[in-house]
Amino acid sequence: MSLPASVPFRFARAAVFAVVCVGLGWAAHVFGGGSVAPGVLAGALGGVFAAAYALAGRERGSLVVLPVLGGAQAVLHLVFSLAHEASPVVALAHAHAGLVPGLGMLVAHGWATLLTGLWLTRGEALFWALLRRLAVRLLLVRLPAFWTSFLPACTARPTVLRPAVLRYAVTRRGPPMVVDFF
């Protein structure tokens, strides 16, 4: 069951996706020896946010999240490789190596995409389950108040409770009674 997302939730979900995707891509690029200009990083964040916002209208499963994340990783790798800040010779060599990645880089991107995609998918499922539970709780709290507003006010006085004789009550409690035989 997929519910439509309102604008604040859609914005928050797209922002989380973009920050996770671009942040991990940037961190991996820096740990691999590259560098990224702040303008390129901001542009990448804006581009991934726009793509994520377009897809954040409803709950998405791993069949959508994983390919989108893989495509975003490929595009980010290419953008970060082409925008590498270094001497022209080193930048050209890094850009050339970035356009045709080695086996190690493909494996690293594959693992990063798979693990991040599963992490985001589980977070997405948890988020929507939490929203569904919250909606049910609010409905259960508000429903009795809603129905009681339509019921006529009761003007009859409550009946007075009369004491009832208990059939199975044991009346032999307390100290024994003194019996006088003489």
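Per-chain numbering applies: the sequence of each chain, read as written, is numbered from 1 onward. Only residues with pLDDT of at least 70 are given local features in this predicted model, and only at 80 or more are side-chain atom pairs given and counted; all residues enter the totals for whole chains, interfaces and linings. The side-chain values count all of the structure's non-hydrogen atoms but skip hydrogen atoms and water molecules.

Draft legend 1. Spatial organisation of helix H2 (residues 38–55). Elements are defined by DSSP. Helices are runs of H or I of four residues or more, strands are runs of E of two residues or more, and each kind is numbered from the N terminus. Residue count minus one, scaled by 1.5 Å, sets the expected span of a helix. Look at H2: 26 Å from first C-alpha to last across 18 residues, which is about the 26 Å you get at 1.5 Å a residue. Within H2 the residues assigned to the buried category are Ala44, Val48 and Ala52. Buried positions in H2, seen along its axis, are confined to an arc of 65° and lie on one side of it. Exposed side chains of H2 directed beyond 90 degrees from the buried face belong to Pro38, Gly39 and Ala54. Contacts made by the buried residues of H2 are with helix H1 (7–31) and helix H3 (62–82). Residue exposure (1.4 Å probe, protein chains only): buried if accessible area is under 20% of the type maximum, exposed if over 50%, otherwise partly exposed. Throughout, the arc means the angular range of directions from the helix axis out to the C-beta atoms. Contact criterion: two residues are considered in contact whenever any of their non-hydrogen atoms come within 4.5 Å of each other.

Draft legend 2. Region of the structure containing the nonpolar core. Among the nonpolar cores identified, the biggest contains 16 residues, and Phe17, Cys21, Val22, Val48, Leu76, Phe80 and Leu120 are the most heavily contacted of them. Elements represented by at least two residues in this core include exactly H1, H2 and H3. No other element matches H1, which puts 6 residues into this core. When sequence neighbours within four positions are dropped, the list of residues in contact with Leu120 reads Val16, Phe17, Val20, Val65 and Leu69. As used here, the term nonpolar core means buried Ala, Val, Leu, Ile, Met, Phe, Trp, Tyr and Cys residues forming a set that is joined through side-chain atoms within 4.5 Å.

Draft legend 3. A look at the side chain of Gln73. Looking at the secondary structure, you find Gln73 in helix H3. Given a relative accessible area of 9%, Gln73 falls into the buried group. Among residues more than four places away in sequence, those in contact with Gln73 are Cys21, Gly25, His109 and Thr113.

Draft legend 4. Just the packing of H2 against H3, in detail. Fitting a line to C-alpha atoms yields each axis, with helices limited to the stretch in contact; the angle taken between N-to-C directions then spans 0 to 180 degrees. It is the contact of H2 with H3, at a shortest axis distance of 11 Å, that shows an interaxial angle of 160°. When the interaxial angle is binned, H2 and H3 end up roughly antiparallel. Remark: the crossing between H2 and H3 carries right-handed chirality. Note on element contacts: H3 touches H2 through Val68, Leu76, Val79 and Phe80, opposite Val40, Leu41, Ala44, Val48 and Leu55. For this classification, under 35 degrees means roughly parallel, over 145 means roughly antiparallel, 65 to 115 means roughly perpendicular, and everything else is oblique. Take the far helix as your reference; a near helix turned counterclockwise from it by less than a right angle gives a left-handed crossing, and one turned clockwise gives a right-handed crossing.

Draft legend 5. A look at H1. Under the 1.5 Å per step criterion, the end-to-end length of H1 is 35 Å for 25 residues, consistent within 8% with the ideal 36 Å. Along H1, the residues that are buried comprise Arg13, Ala14, Phe17, Ala18, Val20, Cys21, Val22, Gly25 and His29. Phi turns positive one or two residues past the end of H1, at Gly33, with a value near 105°.

Draft legend 6. View of the packing of aromatic side chains. For Phe, Tyr and Trp, where Trp contributes only its six-membered ring, two rings pair if their centres lie within 6.5 Å, and the inter-plane angle classes them as stacked under 30 degrees, edge-to-face over 60, or tilted in between. Per the stated rule, a full pass over the model turns up 3 aromatic pairs. Here, over-ring charges are defined by two tests on the NZ atom of lysine or the CZ atom of arginine: distance to the ring centre within 6 Å, and angle to the ring normal within 35 degrees. The lysine or arginine in question, Arg10, covers the ring of Tyr53, its NZ or CZ lying 4.8 Å from the ring centre.

Draft legend 7. Spotlight on a nonpolar patch on the surface. For patches, a residue must show more than 30% relative accessible area and have no salt bridge; joins then use 9 Å for like charges and 5 Å for nonpolar side chains, namely Val, Leu, Ile, Met, Phe, Trp and Tyr. Each accessible area value is a Shrake-Rupley result obtained with a 1.4 Å probe; residue values ignore everything except the protein chains displayed when judging cover. Any Lys or Arg side-chain nitrogen found within 4 Å of a carboxyl oxygen on Asp or Glu counts as a salt bridge. On the surface, Leu103, Val107, Trp111, Leu114, Leu115 and Leu118 cluster together into a nonpolar patch covering about 630 Å² of accessible area. Relative to the assigned elements, Leu115 resides in helix H5 (residues 103–148). For Leu115, a relative accessible area of 52% corresponds to the exposed category.

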